[in-house]
Amino acid sequence: MHAVVDATGSVRLGTGDEDWAALVPLVEVTATGHGRLWSGERFIETAIGDRLTYRDHETVLAGDRERTTIRLSDPLTGLAADVVLESRPGAGFLRAQVRLVNEGSAPLRLESVSTLTLGGITDSGGGLDGLTLHWADNDWLAECRWRRAALRDQVVPLSRTAHGHEGRGCFERYSQGSWSTGRHLPIGALTDTAGHSWLWQIESSAGWRFETGEREGAAYVALFGPDDAHHQWHHTLEPGAEFHTVPAALVRTDRGGLDAAFGELTDYRRLIRRPHPDHQALPVIYNDYMNTLMGDPTTEKLLPLIEAAGKAGAEVFVIDAGWYDDDAQGWWDAVGAWEPAQARFPGGIREVLDAIRSHGMVPGLWLEPEVVGVRSPLARTLPPEAFFRRGGLRVTEHGRHHLDLRHPAARAHLDAVVDRLVGEWGVRYLKLDYNINIGPGTENGPESPGAGLLGHHRAHLDWMSALLDRYPDLILENCGSGGLRMDYAQLAVAQIQSTSDQQDPLRYPPIAAAATAAVTPEQAAVWAYPQPEHTADRIAFTLTGALLGRVHLSGFLDRMTDEQFELVRSAIHAYKNIRPQIAVARPFWPLGLPDWEDTWIAHGLRSDDATFLTVWRRAPGTDPGAASRTLHLPHLRDTPLHPEVIHPTTADATAEWDNDEGRLTVTLPRPDTAVLLRLVEIPSA
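Residues numbered from 1 in each chain as written. Predicted model: local features only at pLDDT ≥ 70, side-chain atom pairs only at ≥ 80, totals over all residues. Heavy atoms only, no water.

Enquirer: How do you make sense of the packing of aromatic side chains when you look at a structure like this?
Expert: Applying the stated criterion to the full structure yields 17 aromatic pairs. Ring centres of tryptophan 146 and phenylalanine 262 lie 5.6 Å apart, and the angle between their planes is 80 degrees; this geometry places the pair in the edge-to-face category. Within this pair, whereas tryptophan 146 is found in strand β11 (residues 142-150), its partner phenylalanine 262 is found in helix α5 (residues 257-272), the two being separated by 116 residues in sequence. Accessibility expressed as a relative area gives 0% for phenylalanine 262, which makes it buried. When the centroid spacing of 5.4 Å and the interplanar angle of 45 degrees are considered together, the rings of tryptophan 233 and phenylalanine 243 count as tilted. (Phe/Tyr/Trp six-rings, centres within 6.5 Å; stacked < 30°, edge-to-face > 60°. Helix = DSSP H or I, 4+ residues; strand = E, 2+ residues; numbered from the N terminus. Buried < 20%, exposed > 50% of the residue type's maximum accessible area, 1.4 Å probe, protein only.)

Take a look at the structure:
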């Protein structure tokens, strides 16, 4: 995607074959005393945005990236805006960020700033009636639930010619508090019936909002970080000071609909990440928590699990929550020091870490670094300024206080913890959890809570980056009670994303299938927790769902029969054979992004060398439903293929390929089963 700026400063965005005019100001700013020209729910049509005038622009090549900077200014306030639009030649994405500088003589109190605004979006007939809106709800145990609706169902036609103005409303989604994805994903899309798509994501852990609506007979999209109305964010920009918005990305594809757009977004996400060997290695992770020890680890319980995990093929073993629990009243509100519990590890925790290494695995530990329990001694010894405060009072949520990582004492404390765990104990995997929503943020002096939250989260990202600078082989997992902080501010730094805390294997498929719309496949950690009381079908079902992402193995493997254990080993063996392709593949969904109650769910990965497809069949209540489902794979039409069952062999799955129609018919004779297929091209004679 590219940006074209003419001599008057008019901006057009396009993909090479097509350009479309912005039709909205390139930057929208609300500031106290400078609101909107048309009052309502929209954050466009602002007074400052209307006054911003073009200064100049430049386009430079930096490596394989093309960066266009467009400079604007407001003659009334002296506010200058540098809009940075970045892409790669031939790519279908554009990354945006805005730098504001107060060149005036008076402070300016900002209340919202757009990162990117785009108008002129129409369907193939030139209107809005053929546009479909897509967004994702997100909740604990129910992540990545995609919704779709005709845009006209959300944006009502109002006869603009009769009223002389646009409507006052819009369709909006936004975060609330410090769980950036506790309500929705910061992702949305518009598609039309011809296969065109516009897909966007906002990269913020500290407040975001997007809106879409109608302007000048076309749809528009506006992407924001935190704002005053939704996040208690305002920021006083003193003369000479500057402010940078959170980044956002826009993907535009001309054919292929959402699948093609998410493919481009996957490429983009890989481009903006911090390089790390984990993105190519994809080691198998065993974690003792889910449906297993559930926060109650001891040496006695761990040693047989470690031995079994090593034999099954795991390469990382993570001791999850509870390893520090040495408090008679429970650990939840006493955490913070992160010292091992002597009673849990009579021979010391290093005995267990050494056992992990002796079985050929990398040791890992769970950590919740941003919190300090109200009963922890650290709650009294760290200075008050090291914690989140509002109204002069320290914030408390669910028995915890929250550290402000801008304070040197808070950061020094966490650095000392990690240097002990990683530098002294040799831990090379940290699961960084985040289990409270602290609300709008913290007030450090005169700042607003939302500004404090943004400042803390930027410091948190800097802290994580500094850890990886010191320990380049350290793997960081981003977890927020599952997937409640699943954004690409975090995931540009962390290597792995927890997708859910869902404990029911029959409820996990829609999450596992849709997770690659939120994160790259090689970052999407999916639980696989087979148990000795499970049937062979149930063991295979929970294992199969993880094989196109990052395997988070759990379960009492040490108690399994030889036949059950061999099912686990065979799944891990299959995963290791295909994981090099996972790291470069793009996702697709032959049945569309799944609904929560869907009986049949399909999720695929495609690369230049292979196509993989996971298909689940769940039982809808007492009705077993049909045993077969036909999937349309237009990108493989006219390609002779052999569908190969990779895992499991116990589901009695079969698949038939119709080469002429590009259709794959999958049969799963029993409900609550799943299969992973590889579609192998048959060489021509």
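Enquirer: How should helix α15 (residues 562-582) be read in this particular structure?
Expert: Each full turn of the α-helix corresponds to 3.6 residues, which orients residues three or four apart in the same direction. Counted at 1.5 Å a residue, the expected span for α15 with its 21 residues is 30 Å, and the 29 Å between its end C-alpha atoms agrees. Residues of α15 that are buried include every one of Gln564, Phe565, Leu567, Val568, Ala571, Ile572, Ala574, Tyr575, Ile578, Arg579 and Ile582, and no others. (Expected span 1.5 Å × (residues − 1).)

Enquirer: Is there a simple way to think about the pairing of strand β27 (residues 429-432) in this case?
Expert: Both faces of the sheet carry side chains from a regular strand, because those side chains alternate between them. Side-chain alternation along β27 places Tyr429 and Lys431 on one buried face and Leu430 and Leu432 on a second face that is also buried. Here 4 bridges tie strand β22 (residues 362-367) to β27, and the two strands are oriented parallel to one another. Looking at β27, one finds that leucine 365 is bridged to leucine 430. Here 4 bridges tie β27 to strand β28 (residues 475-478), and the two strands are oriented parallel to one another. Looking at β28, one finds that lysine 431 is bridged to glutamate 477. (Pairing = 2+ DSSP bridges.)

Enquirer: I keep staring at the sheet that holds strand β33 (residues 600-606) and nothing clicks. Help me out?
Expert: The strands making up a sheet associate through backbone hydrogen bonding, with each pair oriented either parallel or antiparallel. Taken in spatial order, the 5 strands of this open sheet run β32-β33-β34-β39-β36, and their pairing is antiparallel. Taken across any chain shown, the strands that pair with only one partner, and hence form the sheet edges, are β32 (586-588) and β36 (641-647). In this sheet, adjacent strand axes meet at a mean angle of 25 degrees when their direction is disregarded. Bridging between strand β34 (residues 611-617) and strand β39 (residues 673-681) involves 7 bridges; their strand directions are antiparallel. When the bridges of β39 are listed, threonine 614 appears paired with leucine 676. Most of the contacts of α15 go to β36, to which it runs at about 130 degrees, and overall it touches β33, β34, β36 and β39. (Axes fitted to C-alpha atoms, helices over the stretch in contact; angles between N-to-C directions. Contact = heavy atoms within 4.5 Å.)

Enquirer: Before we go on, may I ask you to explain the sheet that holds strand β37 (residues 654-658) in this structure?
Expert: Overall, antiparallel pairing links the 3 strands, which are arranged β35-β38-β37 in an open sheet. Only two strands of the sheet have a single neighbouring strand rather than two, namely β35 (628-632) and β37. Averaged over all neighbouring strand pairs, the angle between strand axes comes to 20 degrees, with direction disregarded. In terms of strand pairing, β37 meets strand β38 (residues 663-667) through 5 bridges, oriented antiparallel. Counterpart to glutamate 656 in the pairing with β38 is threonine 665.

Enquirer: I keep staring at unusual backbone geometry and nothing clicks. Help me out?
Expert: The phi torsion of most residues other than glycine is negative, and most of the peptide bonds are trans. Of the consecutive residues histidine 647 and proline 648, the connecting peptide bond is found in the cis state with omega at -5 degrees. Within the secondary structure, proline 648 is located in the loop between β36 and β37.

Enquirer: Could you clarify how one ought to interpret the layout of surface pockets in this entry?
Expert: Vacant regions in the atomic arrangement are exposed by a probe of water-molecule size rolled over the atoms. Taken as a whole, the largest pocket holds about 810 Å³ of empty space. The wall of the largest pocket is formed by 33 residues, among which Gly256, Gly257, Leu258, Asp259 and Trp589 lie closest to the centre. Contributing elements (two or more residues each) for the lining of the largest pocket: β10 (132-139), β11, α5 and β32. Residue contributions to the lining of the largest pocket peak at 5 residues, all from α5. There is about 400 Å³ of room inside the second largest pocket. In this structure, the second largest pocket is lined by 22 residues; those nearest its centre are Tyr289, Asp433, Asn435, Ser481 and Asp501. (1 Å grid on protein atoms, 1.4 Å probe; cavity = no way out; pocket = protein on both sides within 12 Å on 5 of 7 lines; lining within 4 Å. Points joined across faces, edges and corners; volume = space filled by probe spheres on them.)

Enquirer: Mind showing me how you'd approach the pattern of salt bridges here?
Expert: Any two side chains of opposite charge can pair, on the condition that their charged atoms come close. This model, assessed by the stated rule, comprises 48 salt bridges. The salt bridge partner of glutamate 339 is arginine 420, with a shortest N-O separation of 3.6 Å. Here glutamate 339 is found in the loop between β21 (316-319) and α9 (349-358), whereas its partner arginine 420 is found in helix α11 (residues 408-424), with 81 residues between them in sequence. Classification of glutamate 339 as partly exposed rests on a relative accessible area of 43%. Across the pair aspartate 473 and arginine 428 runs a salt bridge, and its minimum N-O distance is 3.1 Å. Here aspartate 473, found in the loop between α12 (449-470) and β28, pairs with arginine 428, found in the loop between α11 and β27; they are 45 residues apart in sequence, far enough to count as distant. The class of aspartate 473 is partly exposed, set by a relative accessible area of 43%. A relative accessible area of 24% places arginine 428 in the partly exposed class. (Salt bridge = Lys/Arg side-chain N within 4 Å of Asp/Glu carboxyl O.)

Enquirer: Just checking my understanding: could you explain α12 for this structure?
Expert: Between the first and last C-alpha of α12 there are 31 Å, a value that for 22 residues agrees with the 32 Å anticipated at 1.5 Å per step. Of all 22 residues making up α12, 18 are buried, and the element is well covered by its neighbours.

In short, geometric facts, not functional conclusions.
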